[in-house]
Amino acid sequence: MTSKGGEKMKDVGEEMAQQLRNRNWIKNYKELIDEAFADEEVRTFMAENQLTQAELARSASKVYEFVSIKRQIKNGEVTPAPGYQPQLVLSNHLIDVAYVPSDELIRSQKKAEIRARVRTLNMPKAIRNAQLADFDISGREEIAQAASDFIDAYTANPRKFIKGMYLQGSFGVGKTYLLGAIANGLAEEGFRSTMLHFPSFAVEVKSAIGSNNVMEKIDNIKKAPILMLDDIGADQLSSWLRDDVLGIILQYRMQEELPTFFSSNLSLQDLLTQYLTVNNRGEAEPLKARRIMERIVFLSKEYTMIGRNRRRS
Ligand code: ADP
Ligand code: MG
């Protein structure tokens, strides 16, 4: 057998043979086999397949393997192939044991697959479990609706451009949580997104200057099918970060019409005047700031998020 299950099956058979040898099996052989053949599932399988005595005798160790592994699972012991359930199968008139993934294993594999679709850079771990269903909507119905509309529209046609959301609101109201919930919702529908804490990304890019992979870092981000820039406006921007990092990312996304989300403590208006306009040397660059703002406005719609501060400290 060439399947993964097949390999597992061989491993387990090997293990069983070893166990039988170790247990002074000649003495106990009959007892063990009788016990194995008394198993209800084994009896049903035998009856259904009308096996001859000779066939049963040749398959004894397989039946024993099946019953032993079943018992180990029942007792909560670690089996040679954790997460796999033994199943009796007929192969060339002989009984064999196939190992099929348990429902629990399938569920956890599916969950891991969904998780892997959300790429995060410097994001809090808690957003992994963020769910739109848990987002408390009182006073924020419009935002919750927009978030679920986005997921529906994107799922219906990922190639059609849809504006993302610019979530503004004070500290702790759940902006980051909502971005996480949207990313997780999209992941469940099979779509990949990238979420990054923008101030940390800015520091990383800055420290990569000279190491030659600045462009690579930026390219990697700008091409994300769905991009979420968290906490934009929380740091101080240099002209370089604004024009050659943020500007390049947003320019590309605008050209390619790639959905982009933002969260910020600042309104769009304040982002323009307090964050984008004045560079870290204190010089005002209103035209360049306006150009970035145009891209943000093209890419997203502004929502003001109200609510209590959910952070404990
Ligand atoms: P913001 O980004 O607006 O500052 P966060 O999204 O970080 O706020 O939320 C603040 C805290 O509250 C975080 O610990 C977050 O996990 C938690 N939180 C926010 N919204 C919810 C929610 N609907 N259900 C459970 N926890 C939430
Ligand atoms: Mg946040």
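Since this is a predicted model, take the numbers as computed values, not measurements. (Residues numbered from 1 in each chain as written. Chains lettered and ligands numbered in written order. Predicted model: local features only at pLDDT ≥ 70, side-chain atom pairs only at ≥ 80, totals over all residues. Heavy atoms only, no water.)

## A few points about helix 13 (residues 286-299)
Because an α-helix completes one turn every 3.6 residues, residues spaced three or four positions apart along the sequence face the same direction.
Here comes step 1: For helix 13, with 14 residues, the first-to-last C-alpha span of 20 Å sits near the 20 Å given by 1.5 Å per residue.
Here comes step 2: Buried residues of helix 13: Ala289, Ile292, Met293, Arg295, Ile296 and Leu299, and no others. The buried side chains of helix 13 occupy one side of the element, clustering within an arc of 160° when seen end-on. Across helix 13 from its buried face, at more than 90 degrees, point the exposed residues Leu287 and Glu294.
Here comes step 3: On its buried face, helix 13 is in contact with strand 4 (164-169), helix 11 (239-256), strand 7 (260-264), helix 12 (268-276) and strand 8 (300-305). (Helix = DSSP H or I, 4+ residues; strand = E, 2+ residues; numbered from the N terminus. Expected span 1.5 Å × (residues − 1). Buried < 20%, exposed > 50% of the residue type's maximum accessible area, 1.4 Å probe, protein only. Arc of directions from axis to C-beta. Contact = heavy atoms within 4.5 Å.)

## Quick word on the environment of arginine 308
Here comes step 1: You can see arginine 308 is positioned in the segment after strand 8.
Here comes step 2: A relative accessible area of 56% places arginine 308 in the exposed class.
Here comes step 3: Between the C-alpha atoms of arginine 308 and leucine 56, which are 252 residues apart in sequence, the distance is 69 Å.
Here comes step 4: Setting aside chain neighbours within four positions, we find arginine 308 in contact with Gly172 and Val173.

## Quick word on the pairing of strand 6 (residues 227-230)
Here comes step 1: Every second residue of strand 6 is oriented toward a common face, with Leu227 and Leu229 on one face and Met228 and Asp230 on the other, all of them buried.
Here comes step 2: Relative to strand 6, strand 5 (residues 193-197) runs parallel, the two sharing 4 bridges. Along strand 6, the bridge assignment pairs methionine 195 with methionine 228.
Here comes step 3: In this sheet, strand 7 lies alongside strand 6 in parallel orientation, the contact comprising 3 bridges. Looking at the pairing, leucine 227 lines up with threonine 260 of strand 7.
Here comes step 4: Following the backbone out of strand 6, through helix 11 and into the adjacent parallel strand 7, one traces a crossover that is right-handed. (Pairing = 2+ DSSP bridges. Right-handed = clockwise from strand over helix to strand, strands pointing away.)

## Regarding the packing of helix 9 (residues 198-207) against helix 11
The packing of two helices is summarised by the inter-axis angle and the distance between the axes.
Here comes step 1: For the pair helix 9 and helix 11, interaxial distance at closest approach is 12 Å and the crossing angle is 110°. When the interaxial angle is binned, helix 9 and helix 11 end up roughly perpendicular. Crossing handedness for the pair helix 9 and helix 11: right-handed. Contact residues: helix 9 offers Phe198, Phe201, Ala202, Val205 and Lys206, while helix 11 offers Trp240, Leu241, Val245, Leu246 and Ile249. (Axes fitted to C-alpha atoms, helices over the stretch in contact; angles between N-to-C directions. Parallel < 35°, antiparallel > 145°, perpendicular 65-115°, else oblique. Left-handed = near helix turned anticlockwise from the far one by under 90°.)

## What about a positive patch on the surface?
Here comes step 1: On the surface, Lys111, Arg115, Lys125 and Arg128 cluster together to form a positively charged patch.
Here comes step 2: Mapped onto the elements of the fold, lysine 111 is located in helix 6 (residues 103-116).
Here comes step 3: By relative accessible area, which is 53% here, lysine 111 ends up exposed. (Patch = residues over 30% accessible without salt bridge, like charges linked within 9 Å, V, L, I, M, F, W, Y side chains within 5 Å. Areas by Shrake-Rupley, 256 points an atom, 1.4 Å probe, with all protein chains shown as cover. Salt bridge = Lys/Arg side-chain N within 4 Å of Asp/Glu carboxyl O. Lys, Arg positive; Asp, Glu negative; His and termini not counted. Charge placed at Lys NZ, Arg CZ, Asp CG, Glu CD.)

## Quick word on the domain arrangement of the protein chain
Here comes step 1: When cut into domains, the protein chain gives domain 1 (19-101) and domain 2 (108-304).
Here comes step 2: With centres defined by C-alpha atoms, the gap from domain 1 to domain 2 works out at 55 Å. (Domains from an automatic or database assignment.)

## Regarding the sheet that holds strand 8
Here comes step 1: The parallel open sheet is built from 6 strands, whose spatial order is 3-5-6-7-4-8. Edge positions in the sheet fall to strand 3 (118-121) and strand 8, since each of these pairs with one other strand and no more. If you compare each strand with its neighbour and ignore which way they point, the axes differ by 15° on average.
Here comes step 2: Together, strand 3, strand 4, strand 5, strand 6, strand 7 and strand 8 form the strand contacts of helix 8 (residues 175-188), whose direction differs from that of strand 7 by roughly 160°.
Here comes step 3: Together, strand 3, strand 5 and strand 6 form the strand contacts of helix 9, whose direction differs from that of strand 5 by roughly 80°.

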